[in-house]
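The primary structure of each chain is shown beneath.
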Amino acid sequence: MASSGPEPTMNKSSSKSKVIKSIRSCSLSGMKVSKDKLRQKIRMPEYLRLAISDAIKAKNINAGKHHFDANKLADFSDDGGDNPPPVAPESPLVVFVNSKSGGRHGSDLLSKLPDLMGEEQVLDLQNIKPHEFVQYGLACLENFASLGDTCAKETRERLRIVVAGGDGTVGWVLGCLGELHKQGRDPVPPTAIIPLGTGNDLSRSFGWGGSFPFKWKTAIKRTLDRALHAPLGCLDSWELLISMPAGEELETPHALKKTEVVALDQDLDIDGELPEKVSCYQGVFYNYFSIGMDAQVAYGFHNLRNEKPYLAKGRIANKIIYSGYSAKQGWFFTPCMTDPSLRGLNNILRMHIKRLNSPTWELIPLPSSIRSIVALNLHSYASGRNPWGNLKPEYLEKKGFVEANSDDGLLEIFGFKQGWHASFVMVDLISAKHIAQAAAIRFEIRGGMWEEGFMQMDGEPWKQPMDTDYSTFVDIKRVPFQSIMIKGENTRS
């Protein structure tokens, strides 16, 4: 009788191989997206694309009206002939691309995407700003809809937005879309993300991943297809108002603009007298706002990258440079003051908060060791870390905290002591210094021994001058409406 010893092993191996091939086959077929079918789903009719483009270029919603008129006069066959009337696509997309983000990937996307949807639906943020699209492009669609154009009306209602860029770019677009809420121009298009930045924390939080895929030509079709039907989520946004003594102008990021003088909340006592003249700056953030050493490092890194862009050609290069700059700026090795007792933010900063559903301001003492303070909205910070942590129910109850979410109307406030502490927090060896959860925050800053400070929101830093006689105030409150986000495939990255 022939031995049957090896046979089970061979059958097992063969069976295992078949299972693996089957899984791979299912995965690949599941991920494959037909270019023609995708184009049919997302591409607007030509007359709408051209009209939107003309309206944006001319900064006039009526600049594309001749395309509407020509379409109205066209001889369409309603009986299924060779020239059917235009219909709205299943899920029209407009993609904003920051061509300076992601090394070469931003420019690669600009050259690839028009083949899928037409160049008019792919907007280079170096040339067309998101507020121009909202003010003129969307308004052009709305104008056509008001004239009885069903195709334009359905296109406007079904529209979804994709942003290819970093957190700052995503926040910029979300802020401009938020103007639709204020103007009563519903619906506000939901937003998906193609991560091209360094940290990509907004992208991570909503399942779009932390980096752009290596095989991006295949991945981009899957990403756009996912953006068509994926479920939606909500995101709190936070308004930031700086009121400072008039004089020196701030060099601020694009998300922070000078505004008219806004009166401070009178329910809160102010330390000392207010200056006769003040300057006010206003902006919105979605992920975090911070004051202190981390913002100083970010400010130095951004300046270096702007002065020598050839040094930062991709995410890895950016992170290496950023780490080096952390050491150079004193986050790890060099004291920022000759006297160590003056390094803490408590020497220049007072913080009041309002707790959820409370009208009362509460003074929160700051630990003397804190050199950086962060108000965080998302679970993801600094390239996917969660310094607030996944806290146990007993600890939450003890501290009076609730579980953190991006749509709960609360900011998580924590501090870093110095670079080593921040580094250990980032690798989950220890936790950040938990300070509070707040529905509104008032920072009052007075210079003293410090001539300047550093702040940042959503990775966009600036240098903040400080006065020894008068305070600078930073007020943070939740925007009354939420941004609508499209959820990606990955819940964690």
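As a reminder, the structure under discussion sits directly above these lines.
What counts and what doesn't
- Residue positions are given per chain, counting from 1 as you read along its sequence in written order.
- pLDDT decides what is reported in this predicted model: residues at 70 or higher carry local features, side-chain atom pairs at 80 or more are listed and counted, and totals for whole chains, interfaces and linings draw on all residues regardless.
- Heavy atoms from the whole structure form the basis of all side-chain values; hydrogens and water molecules are not counted.
- A run of H or I in DSSP counts as a helix once it spans at least four residues, and a run of E counts as a strand once it spans at least two, with each numbered from the N terminus.
- When accessible area is computed with a 1.4 Å probe and restricted to protein chains, residues below 20% of their type maximum are described as buried, those above 50% as exposed, and intermediate ones as partly exposed.
- Pairs of residues are marked as contacts when any of their non-hydrogen atoms sit within 4.5 Å.
- The accessible surface values rely on the Shrake-Rupley method and a 1.4 Å probe; as for residues, cover is taken only from the protein chains in view.
- Each patch is assembled from residues with relative accessible area greater than 30% and no salt bridge, linking like charges that lie within 9 Å and nonpolar side chains (Val, Leu, Ile, Met, Phe, Trp, Tyr) that lie within 5 Å.
- Salt bridges are identified by distance alone: a Lys or Arg side-chain nitrogen within 4 Å of an Asp or Glu carboxyl oxygen.
- This count recognises Lys and Arg as positive and Asp and Glu as negative, with His and chain-terminal groups excluded.
- One atom stands in for each charge, and that atom is NZ of Lys, CZ of Arg, CG of Asp or CD of Glu.
- Paired strands, as defined in this entry, are two strands with at least two bridges between them according to DSSP.
- Axes here refer to lines fitted to C-alpha atoms; in helices the fit is confined to the stretch in contact. Angles between the N-to-C directions go from 0 to 180 degrees.
- Here, nonpolar core means buried Ala, Val, Leu, Ile, Met, Phe, Trp, Tyr and Cys residues that are tied together by side-chain atoms lying within 4.5 Å of each other.
- Stacked, tilted and edge-to-face are the three classes assigned to paired rings of Phe, Tyr and Trp, where Trp is represented by its six-membered ring and a pair needs centres within 6.5 Å; plane angles under 30 degrees give stacked, over 60 edge-to-face, the rest tilted.
- Any angle that is under 35 degrees is reported as roughly parallel, and any over 145 degrees as roughly antiparallel; angles of 65 to 115 degrees are reported as roughly perpendicular and all others as oblique.
- Take the far helix as the reference: if the near one is turned anticlockwise from it by less than a right angle, the crossing is left-handed, and if turned clockwise, right-handed.
- Throughout this entry, Asp, Glu, Lys and Arg are counted as charged residues, while Ala, Val, Leu, Ile, Met, Phe, Trp, Tyr, Cys and Pro are counted as nonpolar. The remaining residues, Gly among them, count as polar.
- Expected span of a helix: the number of residues minus one, times 1.5 Å.
- A residue's bend is given by the angle between axes fitted to the 7 residues ending at it and the 7 residues starting at it.

A. The overall build of the protein, seen in detail. Helices and strands together make up the secondary structure of the protein, namely 15 helices and 19 strands. Going through the 493 residues of the protein one by one, you find that 49% of them count as buried. Considering only intrachain contacts with a sequence separation of at least 6, the fraction spanning at least 24 residues in the protein is 78%. Within the structure as shown, the protein displays about 24,400 Å² of accessible surface, and the carbon and sulfur contribution to it stands at 51%.

B. Representation of a positive patch on the surface in the model. Together, K398, K399, K417 and K433 line one region of the surface with positive charge. Note that K417 resides in the loop between β13 (411–416) and α15 (419–426).

C. Broad picture of the pairing of strand β11 (residues 361–364). Judged from the four bridges that link them, strand β10 (residues 349–354) and β11 form a sheet pairing that is antiparallel. Within β11, the position partnered with I353 by the bridge is E362. Counted between consecutive antiparallel strands, the loop separating β10 from β11 contains six residues, among which N357 sits at a positive phi close to 60°.

D. Here's a closer look at the sheet that holds strand β15 (residues 440–445). Across the sheet, which stays open at both edges, the seven strands sit in the order β7-β8-β6-β18-β15-β10-β11 with antiparallel pairing between neighbours. Each having just a single partner strand, β7 (256–259) and β11 make up the two edges of the open sheet. Each adjacent strand pair in this sheet contributes to an overall mean axis angle of 20°, direction not counted.

E. Representation of the pattern of salt bridges within the structure. Counting across every chain of the model gives 19 salt bridges. The salt bridge partner of R478 is D236, with a shortest N-O separation of 3.5 Å. With R478 in strand β18 (residues 472–478) and D236 in the loop between β5 (232–235) and β6 (238–245), the pair connects residues that are 242 residues apart, well separated along the chain. Here D236 falls in the buried class, since its relative accessible area comes to 0%. In this structure, E452 engages K463 in a salt bridge whose closest nitrogen and oxygen atoms are separated by 3.9 Å.

F. Broad picture of the nonpolar core. Formed by 65 residues in total, the largest nonpolar core has its most connected members in L109, L113, F133, I161 and L224. Residues in contact with L224, not counting those within four places in the same chain, are L38, I42, L93, V95, L113, L116, M117 and V162.

G. Structural context of the packing of aromatic side chains. Under the defined criterion, the tally for this structure stands at 11 aromatic pairs. Centre to centre, the rings of F96 and F133 are 5.5 Å apart; their planes meet at 85°, and the pair counts as edge-to-face. Of the two residues, F96 is situated in strand β1 (residues 93–97) and F133 in helix α7 (residues 130–146); the sequence distance between them amounts to 37 residues. For the pair shown, F96 and F133 are each scored as buried.

H. Quick look at the packing of α7 against helix α8 (residues 150–158). Their axes nearest at 7 Å, the elements α7 and α8 cross at an angle of 135°. Classified by the interaxial angle, the pair formed by α7 and α8 is oblique. Crossing geometry of α7 relative to α8 is assigned as left-handed. The segment α7 lies against α8, with L138, L141, E142, F144 and A145 engaging A152, K153, T155 and R156. Within the contact of α7 with α8, the residues separate by chemical class into five nonpolar, one polar and three charged.

I. Region of interest: the environment of A438. Note that A438 resides in strand β14 (residues 433–438). When the C-alpha positions of A438 and R355 are compared, they lie 4.9 Å apart, and in sequence the two are 83 residues distant. When near neighbours in sequence (up to four residues on either side) are disregarded, A438 contacts W238, I353, K354, G409, L410, L411 and I413.

J. Here's a closer look at the side chain of S406. Considering the arrangement of structural elements, one finds S406 in the loop between α14 (393–399) and β13. When its relative accessible area of 16% is taken as the criterion, S406 is described as buried. Ignoring sequence-local partners within four residues, the contact set of S406 consists of F206, C234, L235, D236, N377 and L378.

K. The arrangement of the packing of α7 against helix α9 (residues 167–183) in detail. With their axes 8 Å apart at the nearest point, α7 and α9 run at an angle of 35° to one another. Once α7 is placed against α9, the crossing between them reads as right-handed. Here α7 contributes P130, H131, V134 and L138 to the contact with α9, which in turn contributes W172, V173, C176, L177 and L180. Of the residues in the contact of α7 with α9, the class split is eight nonpolar, one polar and no charged.

L. Seen up close, α7. The end-to-end C-alpha distance of α7 is 23 Å, a good match for the 24 Å that 17 residues give at a rise of 1.5 Å each. The largest bend along α7 measures about 30° and falls at A139. Counting buried positions along α7 yields 12 of 17 residues, so the element is predominantly enclosed. Turning to α7, its buried residues are P130, E132, F133, V134, Y136, G137, L138, A139, C140, L141, N143 and F144.

M. Examining the side chain of Q464 more closely. Inspection of the secondary structure puts Q464 in strand β17 (residues 460–465). We classify Q464 as buried; its relative accessible area is 1%. In this structure Q464 touches I242, M244, L250, E452, G453, M455 and T472, once residues within four positions along its chain are discounted.

N. Region of interest: a nonpolar patch on the surface. A grouping of F424, V427, L429 and I430 is seen on the molecular surface, where their side chains present a nonpolar patch of about 390 Å² in accessible area. Looking at the secondary structure, you find I430 in the loop between α15 and β14. Judged by relative accessible area, which is 39%, I430 ranks as partly exposed.

O. Just the pairing of β15, in detail. Burial of β15 is extensive: six of the six residues sit out of reach of the surface. Here β15 shows no split at all, with A440, R442 and E444 on one side and I441, F443 and I445 on the other all buried. Summarising the sheet, β10 and β15 pair through six bridges and their orientation is antiparallel. Note on β15: the bridge partner recorded for R350 is E444. Note that β15 and β18 share six bridges and pair antiparallel. Each residue of the ladder has a partner; that of E444, found in β18, is F473.

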